[in-house]
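Remarks on the overall topology
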Amino acid sequence: MSEKIKQLLKRPMLVIMIFFLPLIGTIISSSFLAKVQSDSKIPVALVDQDHSKMSKQVVDRLQKTTEIQFISLNEEQARKQLAKNKIDSIFMFPNGFQQEVEAGNYQGVIDLLTLPSSVATEAVREVVASEVTRLTTNVKAANEVRFLYRVYNIHAGPDLWKEAYRYTDNQWKPKPLMTIDYEAQGTKHTKQGSAQVTGYVPLWGFFTLLLCCLTSDWMIRERKHLFKRMKTMQKGLYGYIRSVSAAYAVLYVFQALISFALFKWLYGVESYSVLLYMCIYVIVCVAFSTWLASESQRVGSYYMISVVMVTGLSIIGGSFFPVGELSATIERISQWLPQHLLLYQHALPLTFIWKEIAVSIACICLCAFKIVWNVRSIK
């Protein structure tokens, strides 16, 4: 195997493909997808005429919304952009907004300007209304606490109303989807809200699998003239295929190490478990691509089938976007694909993803068995 690795390293184009193409493709694709996602947000203008603490609070919260692009403008700028269809609608916080909210009024406290061509006014209205409802609820709760203190003659500090307001406001903050307690090296850790995300690591998985398929064409090219001679050698044909596949697997594992180091530097990957999952994934990729090549007879058709299969598996596996947005059935299927290993930016402990590990090992074993079966039929 070491001799084969040395032979592969002497091919500069192959080295560039293995070590650099997945990285370049991942960085370019992730930047492109981030730009597309930003450009696809619905632009909505926010005009704050009240300039009060509460109106500023609502504007700040709305601008943190990821699905809608809220832009803070003055009234003149907003009207001009609305007339040119550069924004979808305008939400204006008029003078006296905070006074109305403190009085418990939430109907008609915000003015809406829109055009008949606006496509998301109702959806945006719900988002803005939820923030106003949050404010009015906080105010009502704080007023009720102050009233009860007075009724029961309870001594209250000067900041009672503010404390009650802050306490009520904190109740609106969502709690983590889950909290995981696990022990590692005798220390107890708590990891909150480890959720699936689609980003650079899943995209890296797509390019790595595609490249594995492209570099596995050696099995088709060498089948006609080299495999027959290998049967007469002491190492045998099976030993030769094992050594070549292992050499490629070692190179791709090194590529995973380099990619992880770069991702940690560029994007701040937190857990080294991500590296382990990447290494398991590349071994699956080598096994899968070698099996696919063993099933093919022509290089041209193999390339075409590889691109179609890799793209399909990556789409279903969630490499490009969260498949749960398409269908719950597809999301359940994706959990049984090796790509699911790469969908955790904050990697979970091995005990929590045993299913993904088991599926990956099963894929490696099945591909190895089928490769041996296909090689036996070579005459």
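Position labels on residues start from 1 in each chain and follow its written sequence. For this predicted model, a pLDDT threshold of at least 70 governs which residues receive local features, and a threshold of 80 or more governs which side-chain atom pairs are given and counted, while totals over whole chains, interfaces and linings are taken from all residues. By convention in this description, side-chain values take in all heavy atoms of the structure and omit both hydrogens and water.

The chain appears in an unreviewed UniProt entry as ABC-2 transporter family protein from Priestia megaterium. UniProt positions are given in the numbering used here, feature names are shortened, and annotations may be inferred rather than shown by experiment. Per UniProt, the chain has the following entry under Subcellular location (unreviewed entry): "Cell membrane".

**Digging into helix 7 (residues 160-170)**
Relative accessibility decides the category of a residue: with a 1.4 Å probe and only protein chains considered, values under 20% of the type maximum give buried, values over 50% give exposed, and everything between is partly exposed. In this text, helices come from DSSP runs of H or I with a minimum length of four residues, and strands from runs of E with a minimum of two, each type numbered from the N-terminal end. Among the residues making up helix 7, those that are buried are Leu160, Ala164, Tyr165, Thr168 and Asp169. For helix 7, the angular spread of buried residues about the axis comes to 165°, placing them on one side. Contacts made by the buried residues of helix 7 are with helix 3 (53-63) and helix 6 (121-151). Summarising the geometry, the arc corresponds to the directions from the helix axis toward the C-beta atoms. The contact criterion used throughout is that any non-hydrogen atoms of two residues lie within 4.5 Å.

**Points about the UniProt feature "transmembrane region" (unreviewed entry) in the chain**
Under the feature "transmembrane region" (unreviewed entry), the UniProt entry names residues 12-34, 201-220, 240-262, 274-293, 300-321 and 352-373. From the first C-alpha to the last, residues 240-262 spans 33 Å; its make-up is 100% helix and 0% strand. Taken as a whole, residues 300-321 contains 82% helix and 0% strand, while its terminal C-alpha atoms sit 29 Å from one another.

**Considering the environment of glutamine 49**
In this structure, glutamine 49 sits in the loop between strand 1 (42-48) and helix 3. Here the alpha-carbon distance between glutamine 49 and phenylalanine 93, two residues 44 residues apart in the chain, equals 5.6 Å. Here a polar contact means two N or O atoms within 3.5 Å. Within protein one must be a hydrogen donor candidate and the other an acceptor candidate, and residues neighboring in sequence count only if both atoms are side-chain atoms. There is a polar contact of 2.7 Å between the side chain of glutamine 49 and the side chain of glutamate 75.

**Brief notes about a nonpolar patch on the surface**
Here the term patch refers to residues with relative accessible area over 30% and no salt bridge, with like charges joined within 9 Å and nonpolar side chains (Val, Leu, Ile, Met, Phe, Trp, Tyr) within 5 Å. Surface exposure here means Shrake-Rupley accessible area, sampled with a 1.4 Å probe, where a residue is shielded only by the protein chains that are shown. Salt bridges are identified by distance alone: a Lys or Arg side-chain nitrogen within 4 Å of an Asp or Glu carboxyl oxygen. Taken together, the side chains of Met13, Ile16, Phe20, Leu21, Ile24 and Ile28 present a nonpolar region at the surface, about 600 Å² in accessible area. Position of methionine 13 among the secondary structure elements: in helix 2 (residues 12-39).

**Details of helix 8 (residues 200-215)**
In this scheme, a helix's expected span is set at 1.5 Å multiplied by one less than its residue total. With 16 residues, helix 8 extends 22 Å from end C-alpha to end C-alpha; this agrees with the ideal 22 Å at 1.5 Å per step. In terms of burial, helix 8 is largely enclosed, as 13 of its 16 residues are buried.

**Examining the nonpolar core**
Definition of nonpolar core: a set of buried residues of the types Ala, Val, Leu, Ile, Met, Phe, Trp, Tyr and Cys, connected through side-chain atoms within 4.5 Å. Trp204, Trp218, Ile241, Tyr248, Tyr252 and Met278 are the most contacted members of the largest nonpolar core, which totals 49 residues. Mapped onto this core, the elements with two or more residues apiece are helix 1 (2-9), helix 2, helix 8, helix 9 (218-223), helix 11 (236-267), helix 12 (273-295), helix 13 (299-317) and helix 15 (354-376). Not counting chain neighbours up to four residues away, the residues in contact with tyrosine 252 comprise Ile18, Thr208, Leu211, Cys212, Thr215, Val282 and Val286. Counting 22 residues, the second-largest nonpolar core is a separate cluster that includes Val44, Ile68, Val124 and Leu135.

**A closer look at the pattern of salt bridges**
Tallied over the full model, the rule gives eight salt bridges. Arginine 61 is the salt-bridge partner of glutamate 131, the closest N and O atoms lying 3.9 Å from each other. Taken together, the residues span a long stretch of sequence, with glutamate 131 in helix 6 and arginine 61 in helix 3 at a distance of 70 residues. As far as the burial class goes, glutamate 131 and arginine 61 line up, both buried. Here lysine 80 and glutamate 76 are joined by a salt bridge, their closest N and O atoms 3.4 Å apart. In this pair, lysine 80 and glutamate 76 both sit in helix 4 (residues 75-83), four residues apart, roughly one turn of the helix. Its relative accessible area of 48% is what places lysine 80 among the partly exposed residues. In this structure glutamate 76 comes out as exposed when scored by relative accessible area, which is 53%. Three or more residues are tied together by salt bridges with common partners; here these are Arg61, Glu131, Arg134 and Asp169.

**Observations concerning the side chain of serine 294**
Looking at the element boundaries, serine 294 is found in helix 12. Separated by 2.5 Å, the side chain of serine 294 and the backbone oxygen of tryptophan 291 make a polar contact. Setting aside chain neighbours within four positions, we find serine 294 in contact with Met219, Arg223, Ile371 and Asn374.

**Comments concerning the packing of helix 12 against helix 15**
At a minimum axis distance of 9 Å, the contact between helix 12 and helix 15 shows a crossing angle of 25°. Between helix 12 and helix 15, the crossing angle belongs to the class labelled roughly parallel. Read as a crossing pair, helix 12 and helix 15 show a hand that is left-handed. For the pair formed by helix 12 and helix 15, the contact residues are Ile280, Ile283, Val284, Ala287, Phe288, Thr290, Trp291, Ser294 and Glu295 on the first element and Ile357, Ser360, Cys363, Ile364, Cys367, Lys370, Ile371 and Asn374 on the second. Inter-axis angles, ranging from 0 to 180 degrees, are taken between N-to-C directions of lines fitted to C-alpha atoms, where helices are fitted over the stretch in contact. Here the word oblique covers every angle except those under 35 degrees (roughly parallel), over 145 (roughly antiparallel) and from 65 to 115 (roughly perpendicular). Left-handed describes a crossing whose near helix is turned anticlockwise from the far helix by less than a right angle; the clockwise case is right-handed.

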